[in-house]
Amino acid sequence: MMMVMQPEGLGAREGPFAGSGGGGEYMEQEEDWDRDLLLDPAWEKQQRKTFTAWCNSHLRKAGTQIENIEDDFRNGLKLMLLLEVISGERLPRPDKGKMRFHKIANVNKALDFIASKGVKLVSIGAEGEEVAGRVLGRARGGEGERRPDSTDLECQANLSPDPYPAEIVDGNLKMTLGMIWTIILRFAIQDISVEETSAKEGLLLWCQRKTAPYRNVNVQNFHTSWKDGLALCALIHRHRPDLIDYAKLRKDDPIGNLNTAFEVAEKYLDIPKMLDAEDIVNTPKPDEKAIMTYVSCFYHAFAGAEQAETAANRICKVLAVNQENEKLMEEYEKLASELLEWIRRTIPWLENRVGEPSMSAMQRKLEDFRDYRRLHKPPRVQEKCQLEINFNTLQTKLRLSHRPAFMPSEGKLVSDIANAWRGLEQVEKGYEDWLLSEIRRLQRLQHLAEKFRQKASLHEAWTRGKEEMLSQRDYDSASLQEVRALLRRHEAFESDLAAHQDRVEHIAALAQELNELDYHEAASVNSRCQAICDQWDNLGTLTQKRRDALERMEKLLETIDQLQLEFARRAAPFNNWLDGAVEDLQDVWLVHSVEETQSLLTAHDQFKATLPEADRERGAIMGIQGEIQKICQTYGLRPCSTNPYITLSPQDINTKWDMVRKLVPSRDQTLQEELARQQVNERLRRQFAAQANAIGPWIQAKVEEVGRLAAGLAGSLEEQMAGLRQQEQNIINYKTNIDRLEGDHQLLQESLVFDNKHTVYSMEHIRVGWEQLLTSIARTINEVENQVLTRDAKGLSQEQLNEFRASFNHFDRKRNGMMEPDDFRACLISMGYDLGEVEFARIMTMVDPNAAGVVTFQAFIDFMTRETAETDTAEQVVASFKILAGDKNYITPEELRRELPAEQAEYCIRRMVPYKGSGAPAGALDYVAFSSALYGESDL
């Protein structure tokens, strides 16, 4: 009885060879066995050509081919070779003999291998017996029956139990085609699977999907749907649009379309030409098996590429996520390093409290500090805020992509930067006060130094020639009158000298104060002061010596001119008064307010009120001199050109008096100018205060408003973001007011105005509040951005987010945007969580990993959505690399460069470690370890 292969449980017979193995599914045929035995000639021709080309496409890998399908498989050798090539397995060693039973044995080995793949052999009925009879008849050398002789028995002994191998050996075309079709089904079509369909239905669905977008293509079967050639051209164009210009194809040119597809497939896709265009076009219904065989070659040509492309896309997506995250990490590290380096450089500058010797140098320091606060620090404040935002965004992206949290390198944590920033602000806090105090000190030093120089110059001018005068011995040849005059003159000098004692002490006190205030020219001041003191001591010694000498002479000389004495007595104090008046009128001052200037003006007015009385005294003194001259004229005495009691002449008194009269209006003008300057300063104070008193409360109100927005955002995230962006723009637009206030502040400092009783807000208060406001709005916007990232990544609806926000706000009892652990526990219980201590402790480690004792809204959102996240895994990436590697446990650099974009291929090659397993070529890389590392600790 003849045996054929048929799948188990299949009711209808399906052809000479039909079956399935390993749970696979073969297509059902409309034709029955009898129809297959009587194959349509056109179909037979198409099958013969197609199956021959299909076999050769595999046999050429072994360096051979077939010319005649029914003859070249008769000895079983090429049939066994074909099965080895397409299965990748070794078959039993073939028999090398050329006798018939050797050929039958080889065919049986091939059929046994097919059966080992799950294809069952079943009887085909009486037709098989007739065929067997014909085979036996041919074996006996004739068609009639006769008793077997020994040769017949030997021949029968070498026949297969199933006569079918003999049909193959005898070159039965129908049986051979059926066998090849069974091989094609088993090894080329059975494993095709698309959306839980397999074999014929899977291949058909694949074709339909790939050709769906193309005009004039409607694949419904494997015969008439392919006659115009457009379906084949569409398959090629879908995968390789560079090979065919589909827009130029015409439906009314089926032969041209088919030949185009055949030629392109053979030339570029390594799919041999298995069909004739004319046969397909001229056949009402082309052979289904031939079409399926040819189309399956396209599936295998493209499906592997698609699988590799899918795997490559998955790998590229994962690598893109890692590359983006690493870029963000590198940017964070770079920005953190630059910010910390700037802080490191800036702190020593602010800690340097060594004063400059000159006012101009200290004012340059103050200007440098203003530039630092106005130009250099604000960008760093923004960088610090942006650094925190980048860190939070990066952590959110890592969390959403199932990556471990980012741990910056040592010393570059957000907390480290915050600590460094606090250190900067602590150092900065007292720097401006120090600068202003130093400027005030230098201002006072300048004032004291100028006063010292003025008084020293006046004293030196007064003492000039006094030592020489006291050293004279003019009394030796003088008369009694002259001696008495000299004595009285000396007494007047002593009175004058005593009057100058306070001035010398004042000069010494000024020098002492300059030394205590560390005046940079203290050495020259001390030298000059010492010279004055030494000279003063010498004057005292000389004065005492001269007095002693004059007193000795006074005993000898008794006459003196009383009038000259009276002149001297009244002129000397008046002269001192004149000197004091000149000194006071030329005195410099230092005032800081309108009130102080008004006080000076009042004192000056009081001085002017004493001038009439002084003028009368001057007239009286001039009257004494006039009386002396009158007496001399009356009694014919020698006119006294000099007064023996005093060196001061009436002309000297008049000269000093004229000087006083000139200095009075000059001092009037100077005081009025100072009053005007102080009034300008007062206007500047009030102008600054008016703005500061408006800006300070505005900033405070905005800070509170942003805090309320952060705690109670309503509406969709996009609406919230729009509202916050508008709020941010309003704040940015308000910056002009801050800049204007900075300008007024600078005017005050340039005018050396350092106090302002009209406001409690200093420029420093405004700056700190403004920086806090900018940071607050930026952090709130970043929180909403992270919520958008979380929502989009985890598929949350706006209603869910609103529900989460409402729950969070309800239990945020302090309204500070954070829940304490007890509030968080109550919130979870209200949402249906049954919490024990251990479970709640586990949850707290998730939402509060740093043990800060609070739960932020972002941490709350992450916890509520974490279980629903769908992310890529290391296992998926390993599977994708395995596809690119051709199912090997390693991958080569050449394969990576072939399958991945250049940038990502090099990224993998740089980071993959060498493969350590056996049997790998040089340079092989370990993609399993690399995939695991993608989800492990970051290099950074």
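Residues numbered from 1 in each chain as written. Predicted model: local features only at pLDDT ≥ 70, side-chain atom pairs only at ≥ 80, totals over all residues. Heavy atoms only, no water.

**Overview of the overall build of the chain**
In step 1: Counting secondary structure elements, the chain contains 35 helices and six strands.
In step 2: The 940 residues of the chain split such that 47% are buried.
In step 3: For the chain, the proportion of contacts with a sequence separation of at least 24, taken over those separated by at least 6, is 76%.
In step 4: Of the accessible surface of the chain, which amounts to about 46,900 Å², a share of 50% is contributed by carbon and sulfur atoms. (Helix = DSSP H or I, 4+ residues; strand = E, 2+ residues; numbered from the N terminus. Buried < 20%, exposed > 50% of the residue type's maximum accessible area, 1.4 Å probe, protein only. Contact = heavy atoms within 4.5 Å. Areas by Shrake-Rupley, 256 points an atom, 1.4 Å probe, with all protein chains shown as cover.)

**Some points on the pattern of salt bridges**
Close approach of charged atoms lets side chains of opposite charge pair.
In step 1: Inspection of every chain in the model, using the stated rule, returns 62 salt bridges.
In step 2: Measuring nitrogen to oxygen at the nearest pair gives 3.0 Å for the salt bridge that ties Asp-242 to Arg-240.
In step 3: Judged by its relative accessible area of 55%, Asp-242 is exposed.
In step 4: With a relative accessible area of 29%, Arg-240 lands in the partly exposed category.
In step 5: The salt bridge partner of Arg-570 is Glu-617, with a shortest N-O separation of 3.0 Å. Taken as a pair, Arg-570 in helix H21 (residues 562-586) and Glu-617 in helix H23 (residues 611-635) lie far apart in primary sequence, 47 residues in all. (Salt bridge = Lys/Arg side-chain N within 4 Å of Asp/Glu carboxyl O.)

**Details of the packing of aromatic side chains**
In step 1: Tallied over the entire structure, the rule returns 30 aromatic pairs.
In step 2: With centroids separated by 4.9 Å and ring planes inclined at 70°, the aromatic side chains of Tyr-214 and Tyr-246 adopt a geometry described as edge-to-face. Of the two residues, Tyr-214 is situated in the loop between helix H10 (199-211) and helix H11 (230-239) and Tyr-246 in the loop between H11 and helix H12 (254-268); the sequence distance between them amounts to 32 residues. Residue Tyr-214 shares its accessibility class with Tyr-246, and that shared class is buried.
In step 3: When the centroid spacing of 6.3 Å and the interplanar angle of 40° are considered together, the rings of Phe-298 and Phe-302 count as tilted. Of this pair, Phe-298 and Phe-302 both sit in helix H14 (residues 288-351), four residues apart, which is roughly one turn of the helix. A single burial state applies to Phe-298 and to Phe-302, both of which are buried. (Phe/Tyr/Trp six-rings, centres within 6.5 Å; stacked < 30°, edge-to-face > 60°.)

**Section: the environment of Pro-165**
In step 1: Inspection of the secondary structure assignment puts Pro-165 in helix H8 (residues 164-169).
In step 2: Classification of Pro-165 by relative accessible area gives buried; the value is 1%.
In step 3: With 56 residues separating them in the primary sequence, Pro-165 and Lys-109 have C-alpha atoms 9.9 Å apart.

**Details of the confidence of the model for the chain**
In step 1: Confidence in the prediction of the chain, expressed as mean pLDDT, is 80, and 84% of residues score 70 or more.
In step 2: Per-element confidence in the chain is highest for H12, whose mean pLDDT is 93, and lowest for helix H7 (residues 150-157), whose mean pLDDT is 33.
In step 3: Under a pLDDT of 50 for its full length, residues 121-161 has, in the predicted model, 50 contacts with residues more than four places off or in other chains.
In step 4: Confidence drops under a pLDDT of 50 for residues 556-560, and excluding neighbours within four residues, the segment shows 17 contacts in the predicted structure. (pLDDT = per-residue confidence, 0-100.)

**As for the packing of helix H4 (residues 77-87) against helix H9 (residues 173-189)**
In step 1: Between H4 and H9, whose axes approach to 11 Å, the crossing angle comes to 10°. On the basis of their axis angle, the class for H4 and H9 is roughly parallel. Handedness of the H4/H9 crossing: right-handed. Touching Leu-79, Leu-82, Leu-83, Ile-86 and Ser-87 of H4 are Met-179, Ile-180, Ile-183 and Phe-187, all from H9.
In step 2: Within the contact of H4 with H9, the residues separate by chemical class into eight nonpolar, one polar and no charged. (Axes fitted to C-alpha atoms, helices over the stretch in contact; angles between N-to-C directions. Parallel < 35°, antiparallel > 145°, perpendicular 65-115°, else oblique. Left-handed = near helix turned anticlockwise from the far one by under 90°. Nonpolar A, V, L, I, M, F, W, Y, C, P; charged D, E, K, R; others polar.)

**Observations regarding helix H22 (residues 594-609)**
In step 1: Compared with the 22 Å implied by 1.5 Å per residue over 16 residues, the 23 Å span of H22 between its first and last C-alpha is a close match.
In step 2: Where H22 is concerned, the buried positions are Val-594, Thr-597, Leu-601, His-604 and Phe-607. Down the axis of H22, the buried side of the element spans an arc of 135°, and every buried residue falls inside it. For H22, the exposed residues lying more than 90 degrees away from the buried face are Glu-595, Gln-606 and Ala-609. (Expected span 1.5 Å × (residues − 1). Arc of directions from axis to C-beta.)

**So, the environment of Trp-206**
In step 1: Here Trp-206 lies in helix H10.
In step 2: Note on Trp-206: relative accessible area 5%, which makes it buried.

**A word on the packing of helix H28 (residues 798-811) against helix H31 (residues 857-865)**
In step 1: Running from N to C, H28 and H31 cross one another at 130°; their axes reach a closest spacing of 11 Å. Between H28 and H31, the interaxial angle falls into the category oblique. Note on packing geometry: the crossing formed by H28 with H31 is right-handed. Here H28 contributes Leu-801, Phe-804, Arg-805 and Phe-808 to the contact with H31, which in turn contributes Phe-857, Phe-860, Ile-861, Met-864 and Thr-865.
In step 2: Grouping the amino acids of the contact of H28 with H31 by side-chain chemistry returns seven nonpolar, one polar and one charged.

**A look at unusual backbone geometry**
In step 1: Phi is positive for Leu-752, close to 60°, though the residue is something other than glycine.
In step 2: Tracing the chain through its elements places Leu-752 in the loop between helix H26 (735-750) and helix H27 (763-794).
In step 3: Given the relative accessible area of 22%, Leu-752 is considered partly exposed.
In step 4: The phi dihedral of Ala-851 falls on the positive side, at around 55°, and the residue is not glycine.
In step 5: Of note, Ala-851 is situated in the loop between helix H30 (837-847) and strand S6 (855-856).
In step 6: Its relative accessible area of 65% is what places Ala-851 among the exposed residues.

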